[in-house]
Amino acid sequence: MDKPAVHIVGAGLAGSECAYQLARRGIPVVLHEMRPKKMTPAHKGGQLAELVCSNSLRSDDPLHAAGLLKREMEAFGSLIIGAARHAAVPAGGALAVDRDIFADKVTATVRAHPLITMAWDEVTELPEGDVVLATGPLTSDAMSKVLLGLLGDEYLYFYDAIAPIVDAESLDMSALFAASRYGKGDGDDYLNAPFDKERYLAFYKLLTEAEVVEPHAFETTQFFEGCLPIEELARRGVDTPRFGPMKPVGLTAPDGSQPYAVIQLRQENLAKSHYNLVGFQSRLKWGEQKRVFRTIPGFQNAEFERMGQIHRNTFINAPTHLDKQYRLKSHPQIRLAGQITGVEGYLESAASGLAIALYLVAERAGKSLEPFPNGTALGALSRHLTESKAKHFQPANINYGLFEDLPGRIRKRERRGHYAARAHQQLRQWMQIYGFEDELPAASAATASETGSSETTVSETAPSETAASETTLSETSPPSLAEQAG
Ligand SMILES: Cc1cc2nc3c(=O)[nH]c(=O)nc-3n(C[C@H](O)[C@H](O)[C@H](O)COP(=O)(O)OP(=O)(O)OC[C@H]3O[C@@H](n4cnc5c(N)ncnc54)[C@H](O)[C@@H]3O)c2cc1C
């Protein structure tokens, strides 16, 4: 008898990964996507896994929580990470991509799979059977209503601001210098606009006095702490941007001087024709953005491909509604994947889609499968969704604050190595217990070679802290579970 298909709604980061993981393990999938017939306010086309804002999937350092999560996903043959490596552009220690090459790769791979059927329509009612809802932060209104009906008013909304993109040809390159923070990557992966004190203070004044877009009456301007608009952040204090996205540390100008503040520009594509302003998500009016940002050194004639904007971010109160395998407690055949669960970011969204596929495969095979251990990055994500306090629940990027605490007292600079080694060990064990042995060599190689801890025990591994130089505001860690609980 034919196996019933899993219906996945939304072919973004989470839905595409989930579909691919199910199909490669023999489970048929119907993947529903409303674009290009019906667009969201942020997507531009009809490709799967379109990146709507930054082109970065965050740090690729194997000891950084985001780097660790990538390696765990690669252990299971992640489509999204594979496509990202295929489409990578130089970005210091980060994995950033040419967004078109990336989306083309994901689209071609999914569409070529014989067990995946695409359904190009907006889903307005939940299909029968096993369903994975991966409609993202810009879930269509009809599906939002369905969810409201299912969950009641525990459903939350908030708003993100996105960063401007500038045309490289319009910049005065003589005012900028190429360098990565602390010389990471190729050493010159970013363009940097340096400010002296006087110029910084003038820029700060303009930034904080410029007009913002008024929120609609139904909107509450509650921002994700890790993705504050630059003008909101600036309002917290004159030096706050200098300790955030404008921090000058690790960057020396070609004349040997240390700038007072810096704005970093990250390349958007392999051709280096466009750059984004790292950490400069904004909800200033567009005319105001042009006026203010053209006072950045080298920007006097800047032409912007896209201005900073604000957009809805839809997510549920996961601690109330989800179990550790991303099932709705009230309707276990319905699983939620991606940003709508309250994981934050491209990487994390794809990771949740991957985890759901593995759980579903096991369930279909009649196996009882424990969720990923809390010491792994994959487990830490669902831990955040299920063990955070419902009242204070906030979306989170992967970060070590979400992991189970390490035993004993470990010096701060050694913690990341210990987290990574423990994660490796726990993942390996989990894969052995639950029949993923075939994939183990990849897991061991990917994780071990880079943590330097193949068969090592936790106590043997103590790599030093390596700061992720490319960290932007949107990439900083939100409060840990412990902090939230407090
Ligand atoms: C404006 C904005 C900027 C962002 N910037 C960043 C960033 O810089 N870095 C980062 O890591 N993350 C960013 N995010 C978060 C980002 O959206 C997620 O990281 C990621 O795209 C979420 O993946 P997803 O699969 O959950 O959703 P998506 O990738 O958005 O995929 C959801 C898909 O579902 C489709 N869909 C929606 N409703 C229906 C329906 N009823 N029927 C059929 N299809 C439907 C949509 O068309 C879409 O293709 C941003 C989000 C927004 C809104």
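None of the values given here were measured: they were computed from a predicted structure. (Residues numbered from 1 in each chain as written. Predicted model: local features only at pLDDT ≥ 70, side-chain atom pairs only at ≥ 80, totals over all residues.)

## Comments concerning the overall build of the protein chain
In terms of helices and strands, the protein chain carries 14 helices and 17 strands. Going through the 486 residues of the protein chain one by one, you find that 51% of them count as buried. (Helix = DSSP H or I, 4+ residues; strand = E, 2+ residues; numbered from the N terminus. Buried ≥ 20, exposed ≤ 12 C-beta atoms within 10 Å, placed from the backbone.)

## Quick notes on helix 8 (residues 286–293)
If you check which residues of helix 8 are buried, you get Gln-289, Val-292 and Phe-293. Relative to the axis of helix 8, the buried residues are bounded by an arc of 85 degrees and lie together on one face. Here the buried face of helix 8 lies against helix 6 (197–209). (Arc of directions from axis to C-beta. Contact = placed C-beta atoms within 7 Å.)

## Some remarks on the pairing of strand 2 (residues 29–32)
By the bridge criterion, 4 bridges tie strand 1 (residues 6–9) to strand 2 in an arrangement that is parallel. Bridging from a neighbouring strand, His-7 pairs with Val-30 of strand 2. Where the polypeptide runs from strand 1 across helix 1 (residues 13–24) and back to strand 2, its parallel neighbour, the crossover connection is right-handed. (Pairing = 2+ DSSP bridges. Right-handed = clockwise from strand over helix to strand, strands pointing away.)

## As for the site of the ligand
Surrounding the ligand, one finds 39 residues, the nearest of these being Gly-10, Gly-12, Cys-53, Gly-136 and Gly-338. Sorting the residues of the shell around the ligand by element identifies helix 1, helix 5 (141–151), strand 8 (156–162), strand 15 (309–315) and helix 10 (346–364) as the ones contributing at least two each. The element contributing the most residues to the shell around the ligand is helix 1, with 3 residues. Within the shell around the ligand, the residues separate by chemical class into 17 nonpolar, 18 polar and 4 charged. (Near = placed C-beta within 6 Å. Nonpolar A, V, L, I, M, F, W, Y, C, P; charged D, E, K, R; others polar.)

## Considering helix 2 (residues 65–75)
In an α-helix, one turn spans 3.6 residues, which is why side chains three or four residues apart end up on the same side. Within helix 2, 10 of the 11 residues are buried, leaving the element largely enclosed by the surrounding structure. Restricting attention to buried positions, one finds in helix 2 the residues Ala-65, Ala-66, Gly-67, Leu-68, Leu-69, Lys-70, Arg-71, Glu-72, Met-73 and Ala-75. Just beyond helix 2, the residue with positive phi is Gly-77, at close to 70 degrees.

## A word on the packing of helix 1 against helix 4 (residues 99–112)
Contact pair helix 1 / helix 4: the axes reach a minimum separation of 10 Å and the direction vectors enclose 35 degrees. When the axes of helix 1 and helix 4 are compared, the crossing they make is left-handed. Along its contact with helix 1, which presents Ser-16, Ala-19 and Tyr-20, the element helix 4 presents Val-106, Thr-109 and Val-110. Residues that form the contact of helix 1 with helix 4 fall into these classes: 4 nonpolar, 2 polar and no charged. (Axes fitted to C-alpha atoms, helices over the stretch in contact; angles between N-to-C directions. Left-handed = near helix turned anticlockwise from the far one by under 90°.)

## Details of the confidence of the model for the protein chain
Looking at the protein chain as a whole, the pLDDT averages 86, with 85% of positions reaching at least 70. Within the model, the stretch residues 216–220 combines pLDDT values under 50 with 1 contact to residues more than four positions away or in other chains. Under a pLDDT of 50 for its full length, residues 442–486 has, in the predicted model, 103 contacts with residues more than four places off or in other chains. (pLDDT = per-residue confidence, 0-100.)

## Some thoughts on the sheet that holds strand 16 (residues 327–328)
Reading across from one edge, 6-2-1-7-17-16 is the order of the 6 strands in this open sheet, with mixed pairing throughout. Here the strands that pair on one side only, and so sit at the sheet edges, are strand 6 (116–119) and strand 16. When strand 16 meets strand 17 (residues 331–336), the two strands line up antiparallel, connected through 2 bridges. When the bridges of strand 17 are listed, Leu-328 appears paired with His-331.

## What to know about the sheet that holds strand 3 (residues 56–59)
Pairing in this open sheet of 3 strands is antiparallel, and the strands run 3-5-4 from one edge to the other. The open sheet is flanked by strand 3 and strand 4 (88–89), the only strands paired with a single partner. In this structure, strand 4 lies alongside strand 5 (residues 94–97), joined through 2 bridges in antiparallel fashion. Across the sheet, Val-89 pairs through a bridge with Ala-96, a residue of strand 5.

## Comments concerning the environment of Thr-252
Assignment of secondary structure puts Thr-252 in the loop between helix 7 (230–234) and strand 12 (261–267). Between the C-alpha atom of Thr-252 and that of Ser-180, which follows or precedes it by 72 residues, the distance is 9.7 Å.

## Topic: the nonpolar core
As a rule of thumb, soluble globular proteins bury nonpolar side chains together. Of all hydrophobic cores here, the largest spans 128 residues; its most connected members are Cys-18, Ala-19 and Leu-22. Here the element with the most residues in this core is helix 10; it accounts for 12 residues. If you count residues domain by domain, this core takes at least three from each of domain 1 (6–155 + 316–485) and domain 2 (161–312). (Core = buried A, V, L, I, M, F, W, Y, C linked by C-beta atoms within 7 Å. Domains from an automatic or database assignment.)

## A word on unusual backbone geometry
Here the residue pair Arg-35 and Pro-36 is connected by a cis peptide bond, since its omega of 0 degrees sits within 30 degrees of zero. Within the fold, Pro-36 resides in the loop between strand 2 and strand 3. You will see that Arg-58, though not glycine, has its phi angle at about 70 degrees, which is positive. For Arg-58, the position within the fold is in strand 3. Unusually for a residue other than glycine, Tyr-326 sits at a positive phi of about 70 degrees. Relative to the elements of secondary structure, Tyr-326 occurs in the loop between helix 9 (318–321) and strand 16.

## What to know about the environment of Ala-234
With respect to the secondary-structure elements, Ala-234 resides in helix 7. Ala-234 gets classed as buried once you count the C-beta atoms within 10 Å, which come to 22. Here the alpha-carbon distance between Ala-234 and Thr-208, two residues 26 residues apart in the chain, equals 6.5 Å. Ignoring anything within four residues of it in the chain, the contact list for Ala-234 reads Tyr-204, Leu-207, Thr-208, Thr-240 and Pro-241.

## Some words on the environment of Gln-339
Here Gln-339 is to be found in the loop between strand 17 and helix 10. Here the alpha-carbon distance between Gln-339 and Ser-352, two residues 13 residues apart in the chain, equals 8.9 Å. Once residues lying within four places of it in the same chain are set aside, the contact partners of Gln-339 are Gly-136, Pro-137, Phe-315, Glu-344 and Ser-349.

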